[in-house]
Amino acid sequence: MKNTKLTTAPYKGTRDTYPKDMMIRNYIFDTWSRVAKRFGYEEYDTPLIESAQLYRAKSGEELSNQLYNFTDKGGREISLRPEMTPSLARMVAAKKNELQLPLRWFNIGKFYRYEKPQRGRRREFFQLNIDILGISTIDAELEIIQYVMEVMSEFNAPKDTFELRINNRYLLDYLFTEILELSEELVPQLARAIDNFSKMELSDFKEYLIEIGLDNEQVEKVLDFLSWDLSMLETLKGKSDGADQLLELFEKAKNLDITNIVFSPSIMRGLDYYTGTVIEMFDIGGDKNPRAMFGGGRYDDLLAIFGEEKLPAFGLGWGDIIMTDYLSTYNLLPDTKSNTKVYVTLMNESLLSESAKLTQELRKSDINTLMCLEPIKLNKQLQQSNRKGIRWVIFIGEDEIKQNKVQLKNMNSGESFLITVSESIQKIKEI
Ligand code: HAM
């Protein structure tokens, strides 16, 4: 057989995560999960593979086309999960009578979509999903919006670099049926057009609306609707549930001093299961990250696909890739220094067991310690330690052993101490 060399490149649309990137990822995940716990949310998980039917039911055309699906050996059509919400709904439907409502749940997991890889979008990515189930009032939305604000504050995000854009599917229904009196088949087409409004030139958008069958008057009404602000919603009070819910949300948000949120009539969301509020967050500090940082909404009817009664639910999915891009754009990424606190040198081969014993003792005291395993030149050892940004170095040679001591050096300050192991442990733990 011909000897072919395999490529070292990972599969298209995926990336290897080297330790420095892993530190960034962990920083983002720790922040998401620490704040979720602060809000009383509990962690859960679901299988990475699901029946493809789960997504065909209500996730919408776009997502159905992006499935990583295959037929298993038993002839079942399976898909890697492209999103969490249908699995979450399945889990809750399965134990609806046992679970204590309301549920406040979160998960950070991997997802797969057969997408065209581009900035902010890959075929493999992580999402934080944070959802609240069992609360029908707008207070559910407010709680999760507060969560988002707290996370952004923990990331030290400048207030003028992000914006939460909020709309309501019932308001869009009002546009389709009451304002435009649209025929049923045109609704999904117009919905898709509105979803793409911000990415299209105005002339192309208008042309597209005519193409799908809207008349000039309807086109003008759509454009007028897309320019609405909150004051226009006041005129629909009592006429549209969507307007009422939005007005209540913005009123309550004002009382809670929540900033950075706007009513945005073009937010549509591609997924079919959304019922009321729909929400997305954008980077508004420049044009480097044009895609939504997260997306979410209300999906009060989703449990119906399992034959269950409705259950009010609201939540969002927040991707790691766009979040990393955003943090990097505004220089908000953390230092990627090593987690290792101490580097134990190896002066020569005969001292291997002395160095190893010392290392063992440090680790027993819960100090992250790395030991040099080869008797390489001391300056090479120091170089290794320096590159990793390790703060402490311990030298243990013949002289130190005779005195029952070690040489502890603080690489930041340059201070050196000839002290016992237990004194070293104390010193390392002080800082
Ligand atoms: P989604 O808008 O499809 O919503 O995705 C939410 C977020 O996941 C996006 O805003 C983005 O940050 C990230 N994301 C999606 N696709 C990719 C990709 N190919 N590469 C990188 N990041 C991506 C949902 O998935 C809903 N299930 C969210 C939800 C939770 N709704 C209610 N609860």
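The structure presented is a predicted model; accordingly, all values stated were derived computationally and were not measured.

**Thoughts on the packing of aromatic side chains**
Evaluation of the coordinates by the stated rule reveals 16 aromatic pairs. One aromatic cluster is present, formed by F29, W32, F126, F294 and W318 through successive ring pairs. Seen from the ring of F111, R81 lies directly overhead, with NZ or CZ sitting 4.6 Å from the centre. Positioned above the aromatic ring of F417, the side-chain terminus of K427 is 4.4 Å from the ring centre.

**A short note on the environment of S385**
Within the secondary structure layout, S385 lies in helix α14 (residues 378-387). For S385, a relative accessible area of 1% translates into the label buried. When residues no more than four places from it in sequence are discounted, the contact partners of S385 are Y343, I390 and V393.

**Focus: the sheet that holds strand β5 (residues 103-112)**
Read across the open sheet, the eight strands follow the order β1-β5-β6-β11-β10-β9-β7-β8; overall the sheet is mixed. Each edge of the open sheet carries a strand with a single partner, namely β1 (42-43) and β8 (261-263). Bridge analysis of strand β10 (residues 294-298) against strand β11 (residues 313-319) gives five bridges, and the strand direction is antiparallel. Following the sheet pairing, G297 is matched in β11 by G315. Of the strands in this sheet, β5, β6 (124-133), β7 (162-168), β8, β9 (277-283), β10 and β11 touch helix α5 (residues 139-154), which is tilted by about 25 degrees from β11.

**Examining the site of the ligand**
Not every one of the 27 residues close to the ligand is listed here, only the nearest: E83, T85, E115, R122 and Y274. Measuring from a nitrogen atom of the ligand, one finds a side-chain N or O atom of D131 at 2.8 Å. In this structure, an oxygen atom belonging to the ligand sits 3.0 Å away from a main-chain N or O atom of G319. Across the complex, the protein chains shield 97% of the 660 Å² of accessible surface that the ligand would expose by itself. At the level of elements, β6, β10, β11 and α12 (320-329) are the ones that each hand at least two residues to the shell around the ligand. When the residues that make up the shell around the ligand are grouped by side-chain class, the tally is 11 nonpolar, nine polar and seven charged.

The rules behind each value
- Residues numbered from 1 in each chain as written.
- Predicted model: local features only at pLDDT ≥ 70, side-chain atom pairs only at ≥ 80, totals over all residues.
- Heavy atoms only, no water.
- Phe/Tyr/Trp six-rings, centres within 6.5 Å; stacked < 30°, edge-to-face > 60°.
- Lys NZ or Arg CZ within 6 Å of the ring centre and 35° of its normal.
- Helix = DSSP H or I, 4+ residues; strand = E, 2+ residues; numbered from the N terminus.
- Buried < 20%, exposed > 50% of the residue type's maximum accessible area, 1.4 Å probe, protein only.
- Contact = heavy atoms within 4.5 Å.
- Pairing = 2+ DSSP bridges.
- Axes fitted to C-alpha atoms, helices over the stretch in contact; angles between N-to-C directions.
- Near = heavy atom within 4 Å.
- Polar contact = N/O pair within 3.5 Å; in protein donor to acceptor, adjacent residues only side chain to side chain.
- Areas by Shrake-Rupley, 256 points an atom, 1.4 Å probe, with all protein chains shown as cover.
- Nonpolar A, V, L, I, M, F, W, Y, C, P; charged D, E, K, R; others polar.

Note that all results are geometric; they support no functional claim without further evidence.
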